[in-house]
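Residue-level structural notes
Given next are the chains, with one letter for each unit.
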Amino acid sequence: MNSTEELNAAAEAIATTEELALACHVGPDGDALGSMLGLGIAARNAGKRVTASFGSPFVMPPNLAFLPSGLLVAPEDFPATPELMVVLDVGSAERLGELASNASKAASVIVLDHHVTNEGFGDISVVDPKAAATGELVFDLLGLLNWQITPDVANCLHTALVTDTGRFLYANTTPRTLEIAAVLVGAGAQPTEIGRHVYEESPFGYLKVAAVALGRAELDVDARFVSTIVTQADLTAAGIDWGDIDNLIDTLRLAEEADVATLVKVHKDGRVRVSMRSRGDTDVGSLAVAMGGGGHRLAAGFTTEADAEAVIRQVREAMEEYR
Ligand code: AMP
Ligand code: MN
Ligand code: MN
């Protein structure tokens, strides 16, 4: 089936099921939460019973805490054997964290996603790498279902679009993205409010962590590679959490000498989460897949337990192959 047929099949399955269990990827971003909550609220308004969650750590990123999150339940309260589970913005079952086990026991799983690295899991798999955000697919799905876009739904979906397109500036932004955004704003989305929460507010401690992390950034001019490391100790010293530094990579990638920017986040459990961005000459999505992760051509990531300095060397060396 192509993605239009898959989307029709998804709409049919959702329309004929009373109870929906929705999940997005661990460490959710604006697209993961916005597309999930937008679909969830529209479904509840249409009379469905809905629960939504994401794998632990089950902490709402502070910059996205303004989203209407009444449907959210902790992962341990998520249906163990859902009749219909819809997973959003998730390229592989692994990215569901512990909810991967719920998905494996679900009677049916629908995947709504736009990652070029999507592994093609689920019973109905709607994967459109040309969609700028999973929120675009939810918008189309709501159209097929004839479900109303209330101001809350519009705000969720607009947040999905804004965040995955870097405020409609990244190369994934299409005329269709902007058309959808126009409809969402017409339906009551509040771009100024979204922008303020997502981009214009951080705790003071963020400035301290950014100063430390950017202060230790290194540029390899020949490799056109900029990188830095941020640790749990840096965050603790400044009294902030991982969810507060989601925008830090956007400052690191300003270095015009670099094609690839890499931010290495060393968590206290020894897990190392790596974020990569490319200006266009390097396919960091494929590089991330080689490292066991995923993403898009110009924005991708992976998780490892290797030493942070070693990870940076590995990425810099691997980069050559993906130009
Ligand atoms: P981030 O750097 O966390 O903003 O992520 C950039 C993109 O890479 C997003 O589309 C993520 O879904 C994807 N991504 C990040 N980390 C991973 C991972 N460990 N595995 C698969 N995809 C990832
Ligand atoms: Mn995402
Ligand atoms: Mn996305």
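It should be noted that the structure appears before, not after, this text.
Now for a description of the structure that goes with this document. Worth saying up front: this structure is predicted, and the values here are computed from it rather than measured.

Focus on the overall build of the chain
Secondary structure summary: the chain contains twelve helices and eleven strands in total. For the C-alpha atoms alone, the extent of the chain along its principal axes is close to 55 × 40 × 35 Å. For the chain, buried positions account for 53% of its 323 residues. About 13900 Å² of surface is accessible on the chain, with carbon and sulfur atoms providing 50% of the total. Of the charged side chains in the chain, 23 are positive and 45 negative; the average position of the first set lies 3 Å away from that of the second.

Quick look at the sheet that holds strand S10 (residues 294-295)
Overall, mixed pairing links the six strands, which are arranged S6-S7-S8-S9-S11-S10 in an open sheet. At either end of the open sheet lies a strand with only one pairing partner, and these are strand S6 (218-220) and S10. In terms of strand pairing, strand S9 (residues 272-278) meets strand S11 (residues 299-304) through six bridges, oriented antiparallel. Of the residues in S11, the one forming a bridge with Arg277 is Ala299.

A few points about the environment of Asn2
Tracing the chain through its elements places Asn2 in the segment before helix H1 (3-15). Residue Asn2 is classed as partly exposed on the basis of its relative accessible area, which comes to 42%. Separated by twelve residues in the primary sequence, Asn2 and Ile14 place their C-alpha atoms 18 Å from one another. From its side chain, Asn2 meets the backbone nitrogen of Thr4 in a polar contact 3.0 Å long.

Structural notes on the coordination of the manganese ion (ligand 3)
Around the manganese ion (ligand 3), the protein contributes the donor atoms Asp31 (OD), Asp89 (OD), His114 (NE2) and Asp164 (OD), at 2.1 to 2.2 Å from the metal centre. In this structure, the manganese ion (ligand 3) is positioned 3.7 Å from the manganese ion (ligand 2), and both are ligated by Asp89. Of the two residues, Asp89 sits in the loop between strand S3 (84-88) and helix H3 (99-105) while His114 sits in the loop between strand S4 (108-113) and strand S5 (124-127), which places them 25 residues apart along the sequence. With respect to class, Asp89 is no different from His114; both count as buried.

Focus on the nonpolar core
Ranked by internal contacts, the top residues of the largest apolar core, which has 51 residues, are Leu39 and Leu112. Considering each element in turn, this core owes the most residues, eight residues, to helix H2 (residues 30-45). When sequence neighbours within four positions are dropped, the list of residues in contact with Leu39 reads Leu22, Val86, Leu88, Leu112, Val138, Leu141, Leu142 and Trp147. With 21 residues, the next largest nonpolar core counts Val284, Ala308, Val311 and Tyr322 among its residues.

Description of the layout of surface pockets
Think of a ball as big as a water molecule: rolled over the atoms, this probe shows where empty space is left. Each pocket or cavity is described by its volume, and for the second largest pocket that value is around 210 Å³. Forming the boundary of the second largest pocket are Arg216, Glu218, Leu219, Asp220, Phe225, Ser227, Thr228, Ile229, Glu309, Ile312, Arg313 and Arg316. The residue makeup of the lining of the second largest pocket, split by class, is four nonpolar, two polar and six charged.

Notes on the side chain of His114
In this structure His114 comes out as buried when scored by relative accessible area, which is 2%. From its side chain, His114 meets the backbone oxygen of Ala132 in a polar contact 3.3 Å long. Here Asp164 takes part through its side chain, which lies 3.1 Å from a polar atom of the side chain of His114. Leave out the neighbours within four places in its chain, and His114 touches Asp31, Asp89, Asp128, Pro129, Ala131, Ala132, Ala133, Thr134, Asp164 and His296.

Observations concerning the coordination of the manganese ion (ligand 2)
Ligation of the manganese ion (ligand 2) by protein atoms is provided by His25 (NE2), Asp29 (OD), Asp29 (OD) and Asp89 (OD), these donors lying 2.1 to 2.7 Å from the ion. Read N to C, the donor residues that coordinate the manganese ion (ligand 2) are spaced as H-x3-D-x59-D.

Concerning the packing of H2 against helix H5 (residues 151-164)
With their axes 7 Å apart at the nearest point, H2 and H5 run at an angle of 160 degrees to one another. Put simply, H2 runs roughly antiparallel to H5. When you trace H2 past H5, the crossing you get is left-handed. Contact with H2, carried on its side by Gly30, Asp31, Gly34, Ser35, Leu37, Gly38, Ile41 and Ala42, involves Asp152, Val153, Cys156, Leu157, Thr159, Ala160, Thr163 and Asp164 of H5 and no other residues of that element. Tallied by class, residues from the contact of H2 with H5 come to seven nonpolar, six polar and three charged.

Brief notes about the pattern of salt bridges
Applying the stated criterion to the full structure yields nine salt bridges. A salt bridge links Glu201 to Arg196; the nearest nitrogen and oxygen atoms lie 2.6 Å apart. Residue Glu201 is classed as partly exposed on the basis of its relative accessible area, which comes to 33%. In this structure, the salt-bridge partner of Arg216 is Asp234, at a minimum N-O distance of 2.8 Å. You can see Arg216 sitting in the loop between helix H8 (204-215) and S6 and its partner Asp234 sitting in helix H9 (residues 232-238), a full 18 residues away along the chain. On the accessibility criterion, Asp234 (14% relative accessible area) is buried. One network of salt bridges, with partners in common, ties together Glu193, Arg196 and Glu201.

So, the packing of H5 against helix H7 (residues 191-199)
Relative orientation of the contacting elements H5 and H7 amounts to 55 degrees, with a least axis distance of 10 Å. One element, H5, and the other, H7, form an angle in the oblique class. Here H5 runs over H7; the crossing is right-handed. For the pair formed by H5 and H7, the contact residues are Asn155, His158, Thr159, Val162 and Thr163 on the first element and Pro191, Ile194, Val198 and Tyr199 on the second. The class makeup of the residues in the contact of H5 with H7 is five nonpolar, four polar and no charged.

Parameters at a glance
Residues numbered from 1 in each chain as written. Chains lettered and ligands numbered in written order. Predicted model: local features only at pLDDT ≥ 70, side-chain atom pairs only at ≥ 80, totals over all residues. Heavy atoms only, no water. Helix = DSSP H or I, 4+ residues; strand = E, 2+ residues; numbered from the N terminus. Buried < 20%, exposed > 50% of the residue type's maximum accessible area, 1.4 Å probe, protein only. Areas by Shrake-Rupley, 256 points an atom, 1.4 Å probe, with all protein chains shown as cover. Lys, Arg positive; Asp, Glu negative; His and termini not counted. Charge placed at Lys NZ, Arg CZ, Asp CG, Glu CD. Pairing = 2+ DSSP bridges. Polar contact = N/O pair within 3.5 Å; in protein donor to acceptor, adjacent residues only side chain to side chain. Donors = N, O, S within 2.8 Å, 3.2 Å for Na, K, Ca; no water. Core = buried A, V, L, I, M, F, W, Y, C linked by side-chain atoms within 4.5 Å. Contact = heavy atoms within 4.5 Å. 1 Å grid on protein atoms, 1.4 Å probe; cavity = no way out; pocket = protein on both sides within 12 Å on 5 of 7 lines; lining within 4 Å. Points joined across faces, edges and corners; volume = space filled by probe spheres on them. Nonpolar A, V, L, I, M, F, W, Y, C, P; charged D, E, K, R; others polar. Axes fitted to C-alpha atoms, helices over the stretch in contact; angles between N-to-C directions. Parallel < 35°, antiparallel > 145°, perpendicular 65-115°, else oblique. Left-handed = near helix turned anticlockwise from the far one by under 90°. Salt bridge = Lys/Arg side-chain N within 4 Å of Asp/Glu carboxyl O.

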